Amino acid sequence: MKQSRALTYEEATHRIGRIWMLSAAALFLLVPVSVSIFYDAWPPIKLVGEGLLGVAPIFWTVGVIEAFTFIPMLGSGGSYLAFVTGNLTNLKVPCVLNALQAAKIDPGTEKAEAVSTMAVAVSSIVTTLIIALGVILLGSVQPILQSPALAPAFENILPALFGALAVVFVSKAWKIAIAPLVFMTALFIAVPSLAGSVGVLVPVGAALAMGAARILYKKNLL
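Residues numbered from 1 in each chain as written. Predicted model: local features only at pLDDT ≥ 70, side-chain atom pairs only at ≥ 80, totals over all residues. Heavy atoms only, no water.

Colleague: When you look at helix 3 (residues 88-103) in this model, what are you seeing that I'm missing?
Modeller: What sets the pattern is the α-helix's 3.6 residues per turn: residues three or four places apart point alike. Burial in helix 3 covers these residues: L88, K92, V93, P94, V96, L97 and L100. K104, located one to two residues past helix 3, shows a positive phi value of around 55°. (Buried < 20%, exposed > 50% of the residue type's maximum accessible area, 1.4 Å probe, protein only. Helix = DSSP H or I, 4+ residues; strand = E, 2+ residues; numbered from the N terminus.)

Colleague: Looking at this structure, how should I read the environment of G63?
Modeller: By secondary structure assignment, the location of G63 is in helix 2 (residues 45-85). Separated by 20 residues in the primary sequence, G63 and F83 place their C-alpha atoms 9.4 Å from one another.

Colleague: What is the right way to read the packing of helix 3 against helix 4 (residues 110-136) from this model?
Modeller: Relative placement of two packed helices is described by the angle separating their axes and the distance separating the axes. Between helix 3 and helix 4, the shortest axis-to-axis distance is 9 Å and the interhelical angle comes to 135°. Judged by the angle between their axes, helix 3 and helix 4 are oblique. Classified by chirality, the crossing of helix 4 by helix 3 is right-handed. Across from L91, K92, C95, V96, A99 and L100 in helix 3, the residues of helix 4 making contact are A112, V115, S116, A119, V120, S123, S124 and T127. (Axes fitted to C-alpha atoms, helices over the stretch in contact; angles between N-to-C directions. Parallel < 35°, antiparallel > 145°, perpendicular 65-115°, else oblique. Left-handed = near helix turned anticlockwise from the far one by under 90°. Contact = heavy atoms within 4.5 Å.)

Colleague: How should I be thinking about the packing of aromatic side chains in this particular structure?
Modeller: Any pair of aromatic rings gets described here by the distance separating the centres and the angle formed by the planes. With the rule as written, the count across this model stands at one aromatic pair. Ring plane angle 85° and centroid distance 4.9 Å describe the contact between F38 and Y39, whose orientation is recorded as edge-to-face. The same class applies to F38 and to Y39, which are both exposed. (Phe/Tyr/Trp six-rings, centres within 6.5 Å; stacked < 30°, edge-to-face > 60°.)

Colleague: Looking at this model, I keep getting lost on the side chain of T13. Mind explaining?
Modeller: Here T13 lies in helix 1 (residues 9-39). Take T13: its relative accessible area is 12%, and that puts it in the buried class.

Colleague: Could you clarify how one ought to interpret the environment of I130 in this entry?
Modeller: With respect to the element layout, I130 can be found in helix 4. You can call I130 exposed: its relative accessible area is 55%. Remark: the alpha-carbon pair of I130 and I19, spanning 111 residues in sequence, is separated by 27 Å.

So, in structure tokens, the structure goes:
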């Protein structure tokens, strides 16, 4: 009788990750389907199609872009967990980058795979606990959170988060950061409405950085 080969870490990660990704997708669809079955009220296909036509292409585009942009940083285990739990741009990716920086580990290595997975897991657990605490204390903290004094802080959470990370990573290779920084600054000043399309522009900045790095490398400036 032929014995089955033990799965490697990557093989086991991909198998478990696919199972949980499909399970999460099924759970996401289960709520509206259950409500429709219980009340025997199904939305017209035409209206569903019209709604999807307006938003789905944007989400599909951003989803594909995020997959190619973030997976090299998150690793396989971290990617599956991050894409299921969400909040990649403003939470999971910064947590992973900060963890790799603190551990002095380069992305793409086996150690980075383990560290990134743990960083995403801890981030997800902490987020869940904070949300649960917020729901419990919502009545008492809502007036404070909605106060005009805190409004500017909530509007600048994402820039502050990535600004802090940028100081660390840009200081390592500031020459590479010049091209994407100048281009994005000029672009957002010229077209302020693009501020809502940050997810689509992330790979543009990454491509500019890679192009600048290649040119500088060939000129022996790195």
